[in-house]
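Each chain is listed here by its residues.
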Amino acid sequence: MNSRQNTPFHVPLPGKQTFLNFVILAVLLAVIMPATLDIFRLNLLGKYLSYAFVAIGLVLCWGYGGILSLGQGIFFGLGGYCMAMFLKLEASTPEATAIQSTPGIPDFMDWNQLTELPWFWEPFKSFPLTLILIVAVPAVFAYIIGTAMFRRRVSGVYFSIITQAIAAILTILIIGQQGYTGGVNGITDLRTCLGFDIRSDAAKLVLYYICVGLLLLALFVSHLLSRGKMGHLLLAIRDQEQRVRFSGYDVDNFKVFILCFSAVLSAIGGAMFTLQVGFMSPSFVGIVASIEMVIFCAVGGRMSIFGAVYGTLLVNYVKTLVSENFPELWLFAMGTLFICVVMAFPKGLAGLYDSKLAPWITAKLGKLFGHSRLPFARKH
């Protein structure tokens, strides 16, 4: 008997199919899209790709680990606000804010009668330190949340509800502390990064390629995690948590780690979103944004990191299309799309591809070239 069939939580090793998926996505994003889209649409695509970081993290956290976080907007927003704080300080030089009562501080602080920069804004004067904080702040926040709940065996729907509540609390906190965070409007009027005008077409193109490069790197690292020992353990924890505990593994530590990893991915996406869009507001931290991020993952397929990217692109494209033509119908379209996917294709686009499209493509190409010569033909 094949020994692989005896492995209860087998995860396939990387193969030609994965390499082909990676190459197709890289060519699509780095070559075809820039060649066919104008700079406005390309910048919009970059915005979509910043959400894809969150969807990839949810695949690992929810699909593999069984941890459904309805508060991923927390980490997306933390990363975005860290980047926005640096950009805002760069734009708030004494020369640029000479007309304010207190030059050298962001405009919304001056409007709220603050006379000096708050202490927690000081680190964001340094770009290298800002990059560290974009990763460190959400990771620490996720570690605190994960340790507090997983050590007490909080899981399932209770974990989802608590993360949703934290997202709501953080949104209220950001809005309430208007003098420190910009309030409901967020941090706006972000113009330059390290002296370069991020609003120019050339800068938008560079930022798009940086976003694509970071996304491909995130896919590569996530693939290594999901296909290695970590992937085996996460699937085992998802399906038989008590058995894994009795085997001697510290389940709580693995859960905390994957939550922190997904938080870091979300934060990187938030930082890239701020750079490409030019602002960050509490609306991206709250419950609605967090639920939309889960829908991105569900539509793409919660067991496929590549499917998560395509699902994010599809949902956001439909959102833009419907919003531009029928803005009042978008929420209904989002709900309908989610229900249809869950009811008809519970494994998302990735499951539809694996069950329907891939066998058809393999059969057609097999007739033309011979099955053994196909680069993605599976060996039995």
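The shown structure was predicted, so the numbers you read here are calculated from the model rather than taken from an experiment. (Residues numbered from 1 in each chain as written. Predicted model: local features only at pLDDT ≥ 70, side-chain atom pairs only at ≥ 80, totals over all residues. Heavy atoms only, no water.)

Colleague: Got a sec to walk through the overall build of the protein chain? Specific residues and values, please.
Modeller: Counting its regular elements, the protein chain contains 15 helices and 2 strands. Looking at the protein chain as a whole, 48% of its 380 residues qualify as buried. Within the protein chain, contacts between residues at least 6 apart in sequence are counted, and of these 76% link residues at least 24 apart. Of the roughly 19,000 Å² that the protein chain leaves accessible, carbon and sulfur atoms contribute 68%. (Helix = DSSP H or I, 4+ residues; strand = E, 2+ residues; numbered from the N terminus. Buried < 20%, exposed > 50% of the residue type's maximum accessible area, 1.4 Å probe, protein only. Contact = heavy atoms within 4.5 Å. Areas by Shrake-Rupley, 256 points an atom, 1.4 Å probe, with all protein chains shown as cover.)

Colleague: Which residues make up unusual backbone geometry, and what are the values?
Modeller: A positive phi angle, near 60°, is found at Arg153, a position not held by glycine. By the element assignment, Arg153 lies in the loop between helix 5 (127-150) and helix 6 (156-176). Positive phi is not limited to glycine here, since Asp189 has a value of about 60°. As for its placement among the helices and strands, Asp189 is situated in the loop between helix 7 (178-181) and strand 1 (192-193). The partly exposed category is assigned to Asp189, whose relative accessible area is 37%.

Colleague: Describe the pattern of salt bridges, naming the residues involved and giving the relevant values.
Modeller: Enumeration over the complete set of coordinates arrives at 11 salt bridges. Here Asp107 and Lys88 are joined by a salt bridge, their closest N and O atoms 3.3 Å apart. One end of the pair, Asp107, is in helix 4 (residues 107-111); the other, Lys88, is in helix 3 (residues 72-91), and 19 residues separate them in sequence. Across the pair, Lys88 and Asp107 agree in class, each one buried. Note that Asp197 and Arg199 form a salt bridge whose closest N and O atoms lie 3.2 Å from each other. Take Asp197: its relative accessible area is 32%, and that puts it in the partly exposed class. A network of salt bridges, in which partner residues are shared, links Arg151, Glu241, Arg245, Asp250, Asp252 and Lys255. (Salt bridge = Lys/Arg side-chain N within 4 Å of Asp/Glu carboxyl O.)

Colleague: Quick one: what's the story with a nonpolar patch on the surface, residue by residue and with numbers?
Modeller: Among the surface-exposed residues, Val206, Ile210, Leu214, Leu217, Phe220, Val221 and Leu224 lie close enough to one another that they form a single nonpolar patch of about 580 Å² accessible area. In this fold, Phe220 is placed in helix 8 (residues 201-227). (Patch = residues over 30% accessible without salt bridge, like charges linked within 9 Å, V, L, I, M, F, W, Y side chains within 5 Å.)

Colleague: Residue-level account of the environment of Ile166, with values.
Modeller: Considering the arrangement of structural elements, one finds Ile166 in helix 6. On a C-alpha basis, the gap between Ile166 and Val285 in space is 9.9 Å, while along the polypeptide they are 119 residues apart. Dropping the residues within four chain positions of it, Ile166 is found in contact with Ile74, Phe141 and Ile145.

Colleague: Kindly report on helix 5, identifying the contributing residues and their values.
Modeller: Helix length check: helix 5, at 24 residues, gives a terminal C-alpha distance of 34 Å against a target of 34 Å (1.5 Å per residue), a fit within 8%. Bending of helix 5 peaks at approximately 30° at the position of Leu133. Within helix 5 the residues assigned to the buried category are Thr130, Leu133, Ile134, Pro138, Ala139, Ala142, Ile145, Gly146, Met149 and Phe150. Looking at the packing, one finds that the buried side of helix 5 touches helix 3, helix 6 and helix 11 (251-277). (Expected span 1.5 Å × (residues − 1). Bend = angle between axes of the 7 residues up to and from the residue.)

That's the geometry; what it means functionally is another story.
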